[in-house]
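One letter stands for each residue in the lines below.
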Amino acid sequence: QNTNIATLPKVESSLEELIENEKTNANTLQGSGIVDPLETPFLLPSLASPAAQSAESPSSEEFEIQNFDVQTGFNGLNEDQSCGGGQCFPSDAVIGVGPNHVMQGVNTLFAVYSKAGSLLASFSPHNFWAGAGVEGPNDNIFDPRVLYDSLSGRWFIAIVDMTPTGNNRVLFAVSQSTDPLTLPWNRYVINFGPAVCPDHPKIGMSNDKFAINVVRFSQSAPQSCNQPFTGNQLWILDKFDLINPQPGVAPDFLATNPDPAVFNVQPVQSLTPVDPLYMVSTFSGSGNTIRLWQVTGVPVTGNPSSISINFNNIPVTPYSLPPNADQPGNEPDQDTGDSRAQQASWRDGVLWFPFGVVCDVGGGPKSCARLIELDTNTRTLLFETVVGFVDADIYYPDLRTDVTGNVRFIFGASSSALYPSLFAFGIDLATGSTVFKSLVLGDVPNHSCPFPTPSNCNPGENNRQGDYFGAAVDPENTRTIWLTGQYHTIPERWSTFISEIGELWVPWQTLGGAI
């Protein structure tokens, strides 16, 4: 079934309250050396000597560093598979896990694997949405999203489509069963029209609602997305309508007006049943609060009063933009993004999400990861910390919590001695111990554009690791988290890795590899 969503009713809500525009001073804050004065940051072992940890570090006396079991690890999609020998960077690797399958999304391909790592199928968004939004092979399609919703037993995917004619869209689809290989999926289109780039879509859901959030930029020409930010826009859809579609009938939905005072709201994936849909946002430049959103009610098209959207500003330790990340040799520094909220998950009244910040855990300002835990019943901060290396930079963290509430998250890291690589980190909340593991080590620098830069390659893009990596809970073994991200082993090409992180906690072992 193909459904075209065209009309945008206005939602009267607290979204219209103006707040400080966090983007104003974003560039001037980068690399400024502002640090996070948290009392107990998690200091990771030196990458120059991974088994050693300073006894004087803030975390070493209180937290025990251990290793954990990597049950399955295999290579995911790479740039040659995704782009057919062309260039599409970065990967923006994301992951969803169902009862029997693992689905990965990258720019510009989706793939389905068995849990043992066998590639079962792959499909191009150009073909998947052909006749349902995509105009042709020259459409610029990017920023994939994948979630498996164990509450409904359905897969949800989304991606941006910018066409040569300027008819820009967000494409999304919902499976009809727990098996992503069973066709057809129900495909949907949100039309934004010309002169609007709907960038960086984020998706999430509760029991009865599915949400898509985009940040809108103006366009000076078709398929461009580099003009001024014009506002954050949120779409709330009736999830029951999406998983029980009626032929030719659009699902009930409501959309907010674009709000230039709000930037990049992250809808939460609810891992246990709950009717309110929670969302989080940070200030992309710097701030000392995070924002917890709550959407209640079920949307009815044309009836703005059918839902309400409210938020609370929650004080946290001040944060600011992460600096760019070092690489070996004379390679360009890597773009570590900004401080926007990455994927968030909710379980039994507790919400977790990560984002990038600058911190100093003893070796000078580095790009680090901030982890936030919120109580959504009292709308208060439960826990916050920074995770960082003394001698390396961290970027694009993503996390999930297992059924016990313990945290697993993935991040990229590099330094003057370490090529872009992938690592996993975890926190056992019951004991306060942490776990740390190298997943895959890169052995070439990240510069996706060949040098000298050809005319069809944007030199400003040649040091990007992505906008995000991915994490997902295994619904058949809810103590297991799956992770995916980008690394580099082939010159001027990206690769991705998929890893299943189990619940086993074993003694610390020295990291392998030449780092």
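Residues numbered from 1 in each chain as written. Predicted model: local features only at pLDDT ≥ 70, side-chain atom pairs only at ≥ 80, totals over all residues. Heavy atoms only, no water.

Undergrad: Explain the pattern of salt bridges to me, please; I cannot follow it from the model alone.
TA: Side chains that differ in charge, positive against negative, can pair when their charged atoms come close. Under the criterion given, the structure shown has ten salt bridges. Its salt-bridge partner being Arg169, residue Glu135 comes within 3.8 Å of it at the nearest N-O pair. Placement of Glu135 in the loop between helix H3 (125-128) and strand E8 (140-149) and of Arg169 in strand E10 (residues 168-174) is noted, with a sequence separation of 34 residues between them. For the salt bridge of Lys239 with Asp149, the shortest nitrogen-to-oxygen distance reads 2.7 Å. Of this pair, Lys239 sits in helix H4 (residues 239-243) while Asp149 sits in strand E8, and the two are 90 residues apart along the sequence. In this structure Asp149 comes out as buried when scored by relative accessible area, which is 0%. Residues joined by salt bridges that share partners form a network here, namely Glu79, Asp80 and Arg493. (Salt bridge = Lys/Arg side-chain N within 4 Å of Asp/Glu carboxyl O. Helix = DSSP H or I, 4+ residues; strand = E, 2+ residues; numbered from the N terminus. Buried < 20%, exposed > 50% of the residue type's maximum accessible area, 1.4 Å probe, protein only.)

Undergrad: Any chance you could explain the pairing of strand E11 (residues 186-193) here in plain terms?
TA: Extensive coverage of E11 is indicated by the burial of seven of its eight residues. Two elements, E10 and E11, share seven bridges in a ladder whose sense is antiparallel. The residue of E11 that forms the bridge with Leu171 is Val189. (Pairing = 2+ DSSP bridges.)

Undergrad: I'm lost on the sheet that holds strand E7 (residues 119-123) in this one. Help?
TA: Strand-to-strand pairing in sheets goes through backbone hydrogen bonds, with the strands running parallel or antiparallel. Within the open sheet, the four strands sit side by side as E4-E5-E6-E7. Their pairing is antiparallel. The open sheet has two free edges, formed respectively by strand E4 (94-97) and E7, since each of these has just one partner strand. Ignoring which end each strand starts from, the neighbouring axes of this sheet average 20° apart. Bridging between strand E6 (residues 109-114) and E7 involves four bridges; their strand directions are antiparallel. Along E7, the bridge assignment pairs Tyr113 with Leu119. (Axes fitted to C-alpha atoms, helices over the stretch in contact; angles between N-to-C directions.)

Undergrad: Whenever I open this one, the environment of Pro276 confuses me. Can you help?
TA: Relative to the helices and strands, Pro276 resides in the loop between strand E16 (266-270) and strand E17 (277-281). Under the relative-accessibility criterion, Pro276 is labelled partly exposed at 22%. When the C-alpha positions of Pro276 and Thr296 are compared, they lie 4.9 Å apart, and in sequence the two are 20 residues distant. Once residues within four sequence positions are removed from consideration, Pro276 is found in contact with Ser206, Lys209, Gln294, Val295 and Thr296. (Contact = heavy atoms within 4.5 Å.)

Undergrad: It is not clear to me how the confidence of the model for the chain should be interpreted in this structure. Could you clarify?
TA: Keep in mind that low pLDDT regions are not for reading the predicted coordinates in detail. Looking at the chain, pLDDT values average 81 and 80% of them are 70 or higher. Segment residues 2-39: pLDDT under 50, and 98 contacts once partners within four positions in sequence are set aside and those in other chains are kept. This model gives residues 504-515 a pLDDT under 50, and the stretch forms 36 contacts once residues within four places in sequence are excluded. (pLDDT = per-residue confidence, 0-100.)

Undergrad: What's the story with the state of the cysteines in this structure? I'm lost.
TA: Counted under the stated rule, the structure contains one disulfide. Covalent S-S linkage joins Cys359 and Cys368, the inter-sulfur distance amounting to 2.0 Å. With the S-S bond torsion at -65°, the cross-link from Cys359 to Cys368 turns out left-handed. As far as burial versus exposure is concerned, Cys359 and Cys368 are alike and both buried. (Disulfide = S-S within 2.5 Å.)

Undergrad: What is the right way to read the environment of Ala93 from this model?
TA: Looking at the secondary structure, you find Ala93 in the loop between helix H2 (79-83) and E4. Residue Ala93 is classed as buried on the basis of its relative accessible area of 0%. Along the primary structure Ala93 and Thr484 are separated by 391 residues, whereas in three dimensions their C-alpha atoms are 6.4 Å apart. In this structure, Ala93 is in contact with Gln104, Gly105, Val106, Tyr468, Phe469, Gly470, Thr484, Gly485 and Thr496, ignoring residues within four places of it in sequence.

Undergrad: Explain the pairing of E17 to me, please; I cannot follow it from the model alone.
TA: Every other side chain in a regular strand lies on the same face of the sheet, so the side chains alternate between the two faces. Taken across its five residues, E17 has five buried, putting it largely inside the fold. Because side chains alternate across E17, one face comprises the buried residues Leu277, Met279 and Ser281, and the other comprises Tyr278 and Val280, equally buried. With two bridges connecting them, E16 and E17 associate as antiparallel partners. By the bridge assignment, Pro267 is partnered in E17 with Met279. The antiparallel pairing of E16 with E17 creates a hairpin that spans six residues between the two strands. Here five bridges tie E17 to strand E18 (residues 286-297), and the two strands are oriented antiparallel to one another. Bridge pairing in E18 links Val280 to Leu292.

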